[in-house]
Amino acid sequence: MTITFKQYGDLLARYLKPQWIRVLLLAVVLLSSIGLQLVNPQIVRYFIDTATGGGALGALVNAALLFLGIALFTQVLSVIATYVGENVGWMATNMLRVDLALHCLRLDMPFHKTHTPGEMIERIDGDVTAISKFFSQFVIQVLGNVLLMVGVLALMLREDWRIGLALSAFAVLSAYVLNRTRSIAVPAMTAERQASAEQFGFLEERLAGLNDIRTNGAGRYVMVGMYRTARELYNKGRNGWRMEGVLWMITIGLFTGGYILTFAVGAYLFKAGAITLGTMYLFFQYTEMLRHPLDQITEQLKDLQKAAAGIGRVQQLYSTPIGIEDGPGVDFPSGPLSVEFDGLSFGYGGPELAKEEIVLRDLSFELGPGRVLGLLGRTGSGKTTITRLIFRLYDPAEGLIRLGGRDIRLARLDDLRSHIGMVTQDVQLFQASVRDNLRLFDTSVSDERILEVLDDLGLGNWYRALPNGLDTELGPGGGGLSAGEAQLLAFTRVFLKDPGLVILDEASSRLDPATEQLIERAIDKLFRNRTGVIIAHRLQTVQRADEILVLDEGQILEHGARSCLVADPDSRFSHLLRTGLEEVLV
């Protein structure tokens, strides 16, 4: 990916503008430092010429003290510039991280299906870290070094036009060569960043599946994969450093030519009596100072190439379109919400589907407000897909879904999802307090409300057994809690959310009988004055359902009131109840 100067400029403007005071301070400090760097060689020339000319000792002492004072103050300015620059860089990169994380959270599920969490961590953190120097110092440092070069060349021209012109030609040639070679390492650095992301993704997946890896004896297979990703990262990184080495060798060659030119012209002028020994030193020192900005620009170009690889990947991530966009907004009715599917067809392959890719086909049904639907069907029949569509994690290829009589595509996503609660077998818990895990970091939920819900669900004893109450910290992934306790937290979350529609995906299938009995009482309270959908793999689970819908290969095999289907000996549901063949549902 080729990064244009406009893209660099847009990125800088977006994240440095909020910090313009710090950026201005950094510019003032760096420019002041440049001015002092140009003064000191003049003091040394005066010292040399005064000493060789038999000048007064006091004048030499004053010159030495002035030199030391300026050098010390220059170092102080350097410390200030480093401090301010690092602050600017990290604030900018942190803002970029936040924006990228938010963008990733809004990206569609198909994107996340093809990118591992480890890869996304490396994209959001690793790539952004690689461009931190670009934010903190790149533009100001490059501008400062250009000004330093201009100042050096102007002073050299003032001293002697011949050596000034020679070094000006050298500086122009060097700048041209460096500009022409500034992007030679970008492809290699981009490949290295991609290899790093792939290694993070590999590690994240294997660490997440550690139990399965151990129980199946797959440790050697994992290590082979680890060696492969590490070797790929090493090879890509080595290639990147080789390309950077080419840029370094070009720079060294340019510097060598500059030194030869300065010594040749300086020696000629000194031998001809046109300049003093102090001026000869001045030429040498200014040539060294000319090397410094060129050297710095070269290093900054290396950083730029690393940044360009990161910026390219960041821009690529930003350019990934968000398919599920907010609607203009609708008002959902309060209380239980009706659910209606109208001619809906859907497949995970996207809008343009082959016949064999369709998961749901021409699905139409309606669930009235306050009713509970039992959703049955074999694995792969589309039960979970229906819930994903209700949450609008995906959009259907055809047809529409209405919630409370409103087309869900017209609703704002946050508003839509705030009206739906869901409990599944797998509960996501965070390394945080019990309070934050229950209210999901929503500070508007009071402790009193949390305790009220816990007591209402019969969880008061469980709460009082916690060592630090709501402040009790849970380990990573809810470490320390049983599956039953995790499910209790999930039910409490839904009660605190108070949605109009509740979806249960076999939420009690992994619990012991005592905890399951507690959950059953909680479900009774949860469905009170709410619409419910129960995805079931066991017939016992849907005994509280008002209606039954049986899916088969993405189509409705049977739908009706549970009491009617039970009474009908020819119904599919009645047959299942008589034979007890629950295995047909899994």
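What counts and what doesn't
- Residues numbered from 1 in each chain as written.
- Predicted model: local features only at pLDDT ≥ 70, side-chain atom pairs only at ≥ 80, totals over all residues.
- Heavy atoms only, no water.
- Helix = DSSP H or I, 4+ residues; strand = E, 2+ residues; numbered from the N terminus.
- Buried < 20%, exposed > 50% of the residue type's maximum accessible area, 1.4 Å probe, protein only.
- Contact = heavy atoms within 4.5 Å.
- Areas by Shrake-Rupley, 256 points an atom, 1.4 Å probe, with all protein chains shown as cover.
- Pairing = 2+ DSSP bridges.
- Axes fitted to C-alpha atoms, helices over the stretch in contact; angles between N-to-C directions.
- Arc of directions from axis to C-beta.
- Lys, Arg positive; Asp, Glu negative; His and termini not counted.
- Salt bridge = Lys/Arg side-chain N within 4 Å of Asp/Glu carboxyl O.
- Phe/Tyr/Trp six-rings, centres within 6.5 Å; stacked < 30°, edge-to-face > 60°.
- Lys NZ or Arg CZ within 6 Å of the ring centre and 35° of its normal.
- Core = buried A, V, L, I, M, F, W, Y, C linked by side-chain atoms within 4.5 Å.

*Asks:* So what exactly am I meant to see when it comes to the overall build of the protein here?
*Replies:* A tally of helices and strands in the protein yields 20 helices and 10 strands. Looking at the protein as a whole, 46% of its 586 residues are labelled buried. Across the protein, contacts joining residues at least 24 apart in sequence account for 78% of those joining residues at least 6 apart. Total accessible area computed for the protein in this model is approximately 29,200 Å², and 59% of it derives from carbon and sulfur atoms.

*Asks:* Just to check I follow, could you spell out unusual backbone geometry for this structure?
*Replies:* Glycine aside, residues mostly have negative phi angles, and peptide bonds mostly take the trans form. Unusually for a residue other than glycine, arginine 392 sits at a positive phi of about 60°. Mapped onto the secondary structure, arginine 392 falls in the loop between helix H12 (383–390) and strand E4 (398–403). Accessibility expressed as a relative area gives 5% for arginine 392, which makes it buried. The residue glutamate 553 is not glycine, and still its phi comes out positive at about 55°.

*Asks:* Can you walk me through the sheet that holds strand E8 (residues 531–535) in this structure?
*Replies:* Either a parallel or an antiparallel arrangement is found when strands of a sheet pair, and the pairing is made through backbone hydrogen bonds. Spatial strand order, E6-E7-E8-E3-E9-E10: six strands in an open sheet with mixed pairing. Edge positions in the sheet fall to strand E6 (420–424) and strand E10 (555–561), since each has one partner strand and no second. Across the sheet, the mean angle separating the axes of adjacent strands is 15° when strand polarity is ignored. As judged from the five bridges shared by E6 and strand E7 (residues 501–505), these two strands associate in the parallel manner. Considered in E7, the bridge of valine 423 is made with leucine 504. On the sheet, helix H20 (residues 572–579) packs against strand E3 (372–377), strand E9 (547–552) and E10 and is oriented at approximately 80° with respect to E10.

*Asks:* I tried to follow H20 on my own but got confused; where do I start?
*Replies:* It helps to recall that an α-helix has 3.6 residues per turn; residues three or four apart then point in one direction. The set of residues buried in H20 consists of Phe573, Ser574 and Leu576. The arc that holds the buried residues of H20, viewed along the axis, is 160°, so those residues lie on one side. Packing partners of the buried residues in H20 comprise E3, E9, E10 and helix H19 (562–567).

*Asks:* Explain the environment of valine 28 here, please?
*Replies:* Of note, valine 28 is situated in helix H2 (residues 20–52). As a C-alpha pair, valine 28 and leucine 77 span 49 residues in sequence and 9.8 Å in three-dimensional space.

*Asks:* Before we go on, may I ask you to explain the pairing of E7 in this structure?
*Replies:* The side chains of a regular strand alternate, first on one face of the sheet and then on the other. Of all five residues making up E7, five are buried, and the element is well covered by its neighbours. Covered by surrounding structure in E7 are Leu501, Ile503 and Asp505 together with Val502 and Leu504, the residues of both alternating faces.

*Asks:* It is not clear to me how the side chain of glutamate 558 should be interpreted in this structure. Could you clarify?
*Replies:* Considering the arrangement of structural elements, one finds glutamate 558 in strand E10. No salt bridge forms around the buried glutamate 558; measuring N to O, its nearest opposite-charge neighbour arginine 572 is 6.9 Å away. The contacts of glutamate 558, once residues within four sequence positions are left out, are Ile548, Leu549, Val550, Leu565, Ser571, Arg572 and Phe573.

*Asks:* Explain the packing of aromatic side chains here, please?
*Replies:* Per the stated rule, a full pass over the model turns up two aromatic pairs. Their ring planes at 15° and their centres at 4.8 Å tell us that phenylalanine 341 and phenylalanine 365 sit as a pair that is stacked. Of this pair, phenylalanine 341 sits in strand E1 (residues 339–347) while phenylalanine 365 sits in strand E2 (residues 358–367), and the two are 24 residues apart along the sequence. For the cation-ring pair, arginine 530 lies above phenylalanine 495, with the distance from its terminal atom to the ring centre recorded as 5.7 Å.

*Asks:* Any chance you could explain the nonpolar core here in plain terms?
*Replies:* One recurring pattern in soluble globular proteins: nonpolar side chains tend to sit buried together. If you look at the biggest cluster of nonpolar residues, it comprises 42 residues, and the most contacted ones within it are Leu376, Leu438, Phe491, Leu504, Val542 and Ile548. Secondary structure elements with two or more residues in this core: E3, helix H14 (434–439), helix H15 (447–456), helix H17 (483–497), E7, helix H18 (513–526), E9 and H20. Ranked by the residues each element gives to this core, the list is headed by H17, at eight residues. In this view, leucine 504 contacts Val423, Phe491, Ile523, Leu526, Phe527, Val533, Ile534 and Ile535; residues no more than four positions away in its chain are not counted. Within the second largest apolar cluster, 31 residues are counted, among which are Val359, Phe391, Ile401 and Leu403.

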